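Reading the structure
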Amino acid sequence: MSPQFVDFDADGQLDLLAGSFGGAPYIARGSAKGFGAPEYLRDSKGERLGLNMYWDHDEGHWTTATKWNEPGQKPPEGQGTSVFAVDWDADGDLDVLLGDYSAGRIYLRTNEGTAKEPRLSTFNVPIRHAGQPLVVPGNVATVRVVQWDGDGLFDLLVGSVGHGDDGAVYVYRNIGKVGAPDFDAPFVLLAPASAPLTDVSRPSHGLYPDLCDLDGDGDLDLLVGGSTNLNLPERELSVAEKEQYLTQRNRRDAAKEATAALRAEIDAAVKDLPEEEAKLRRKALEREFAPRFRDGARRRAMAEISLAAITFEPKQYHAVFVVLNESKR
Amino acid sequence: MLFGTLGFVLAASLAQQPTPVFGTPERVQAGALLAGIGRRYPSPVMQDVDGDGLADLVLGDLYGAVTVSKRLAGEGPPRFGPEEPLLASDGTELVFNNW
């Protein structure tokens with residue numbers, strides 16, 4: 001997801017950008033009253049953004065597309081799960097980067113409008129290095145723009161997904177010019193784990209980093225979330241553990257049933273309608289029901305079972321870590 | 001919980017910068033709990049959400065939820081409050097579509 005607070009349309013209010021696993025970036029527009037409901041981030045034709053694989057909300061399945069490919073190019077199947085806005089070409093407005101979860105590329109959507117009226121280009125241009133598309137080892141969990149070396153050029157901070165347990169954090173130093181970025185070979189900020197993990201000592205899969213001066217010593221520290229994939233033998237639960245686990249699982253199941261009931265309600269409302277009308281009605285109802293699908297209690301129940309799972313069946317442990325830069329000590 | 005003392009080099013050298021030396025990764029505490037616990041793929045970003053001049057810990061996650069752990073005032077290592085949902089302008093929890 002990797003949220004970014006940014007004034008995307010130069011109206012003086014911070015907006016919130018976020019990627020999604022379904023392959024669409026979203027924006028919650030800020031106002032004096034706060035953030036509005038998240039909506040698709042759209043291109044100059046009003047279409048959602050995406051790479052060439054995404055979840056089709058109208059049809060309810062994964063789908064592929066070539067319409068957003070750079071003309072004349074056939075990129076590998078990509079899933080755009082992260083987004084970051086930056087003035088890539090130094091023309092005074094914000095362009096958009098999309099990170100590729102499944103093939104490791106980073107794509108650019110240029111803003112062809114203005115700072116106040118963004119009009120994002122309709123196709124994905126891969127960021128290139130030495131004439132070839134830049135490919136992040138282990139693919140892209142998220143991409144951010146940072147000032148790493150203070151040379152006045154922005155650099156890229158990338159957390160990789162990892163193939164299994166080898167997720168890592170990289171910095172790509174910008175060795176180009178203002179308005180014409182180019183990048184050096186990746187600099188490893190947090191290397192892949194060297195062996196299967198048996199404790200929660202670091203994240204190893206799906207790394208989501210940010211850099212900031214956490215301890216106030218004037219240099220950048222690393223904050224990174226993700227999953228620690230544990231390699232531990234299974235164990236028998238105690239009676240009390242089983243009871244707690246089952247209680248939480250039952251609450252999770254109740255939350256799932258509530259979701260299924262909402263879906264059944266929609267199905268019933270559209271079942272007798274002609275196909276096209278049913279599709280439109282379904283879409284409208286999904287929008288109407290969205291707050292109920294996103295109900296906080298349901299989300300917490302799902303989180304509880306995740307908590308029980310990591311307590312009693314430790315395989316993946318999701319956590320946030322700080323890694324302090326101790327260069328000045 | 002937040003700070004480690006065993007330093008080791010995680011990174012190679014930069015041409016224009018001294019070799020950065022990083023400490024050991026340490027779990028971040030948010031209130032009484034560890035940050036991100038019970039969530040999936042927490043994605044942190046530091047942002048001053050409440051306008052007190054201190055960057056707060058904002059966490060997104062795979063399910064589309066966004067929480068804020070406010071940085072607590074005071075000297076010494078940064079401390080964060082519990083994870084609280086980031087609210088939209090209508091008072092509901094701000095949740096992004098994940099799918």
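The structure reproduced in this document is the subject of the present report. (Residues numbered from 1 in each chain as written. Chains lettered and ligands numbered in written order. Predicted model: local features only at pLDDT ≥ 70, side-chain atom pairs only at ≥ 80, totals over all residues. Heavy atoms only, no water.)

Quick notes on the pairing of strand E16 (residues 155–160) of chain A
Every regular strand shows the same layout, with side chains that alternate between the two sheet faces. Residues and elements named next belong to chain A. Counting buried positions along E16 gives 6 out of 6 residues, so the element sits mostly inside the fold. Residues Asp155, Leu157 and Gly159 of E16 are buried on one face, and the alternating residues Leu156, Val158 and Ser160, pointing to the opposite face, are buried as well. Taken together, the 6 bridges between strand E15 (residues 140–146) and E16 define a ladder with antiparallel strand orientation. Residue Arg144 lies in a different strand from E16, and its bridge partner there is Leu157. Bridge count for E16 against strand E17 (residues 169–172) is 4 bridges, and the pairing is antiparallel. (Buried < 20%, exposed > 50% of the residue type's maximum accessible area, 1.4 Å probe, protein only. Helix = DSSP H or I, 4+ residues; strand = E, 2+ residues; numbered from the N terminus. Pairing = 2+ DSSP bridges.)

Details of the nonpolar core
If you look at the biggest cluster of nonpolar residues, it comprises 21 residues, and the most contacted ones within it are Trp148(A), Leu157(A), Val169(A), Leu189(A), Leu211(A), Leu222(A) and Val224(A). Every element with two or more residues in this core is listed here: E17, strand E18 (187–190), strand E19 (205–212), strand E20 (221–229) and strand E21 (316–323) of chain A. The element contributing the most residues to this core is E21(A), with 4 residues. Look past the residues within four positions of Leu222(A) in its chain and what remains in contact with it is Val169(A), Leu189(A), Leu190(A), Pro209(A), Asp210(A), Leu211(A), Phe321(A), Val322(A), Val323(A) and Phe22(B). Counting 19 residues, the second-largest nonpolar core is a separate cluster that includes Phe84(A), Val143(A), Leu156(A) and Tyr172(A). (Core = buried A, V, L, I, M, F, W, Y, C linked by side-chain atoms within 4.5 Å. Contact = heavy atoms within 4.5 Å.)

A look at empty space enclosed by the protein
Overall, the coordinates contain 2 cavities of 30 Å³ or more when judged by the stated rule. Computed from the structure, the largest cavity encloses a volume of approximately 60 Å³. A breakdown of the residues in the lining of the largest cavity according to their chemical character gives 5 nonpolar, 4 polar and no charged. What the second largest cavity holds in volume is close to 30 Å³. (1 Å grid on protein atoms, 1.4 Å probe; cavity = no way out; pocket = protein on both sides within 12 Å on 5 of 7 lines; lining within 4 Å. Points joined across faces, edges and corners; volume = space filled by probe spheres on them. Nonpolar A, V, L, I, M, F, W, Y, C, P; charged D, E, K, R; others polar.)

As for helix H2 (residues 275–293) of chain A
The principal kink in H2(A), of about 35 degrees, is found at Arg287(A), preceding the proline Pro291(A) by one to four residues. Turning to H2(A), its buried residues are Ala278(A), Leu285(A), Phe289(A), Ala290(A) and Phe293(A). (Bend = angle between axes of the 7 residues up to and from the residue.)

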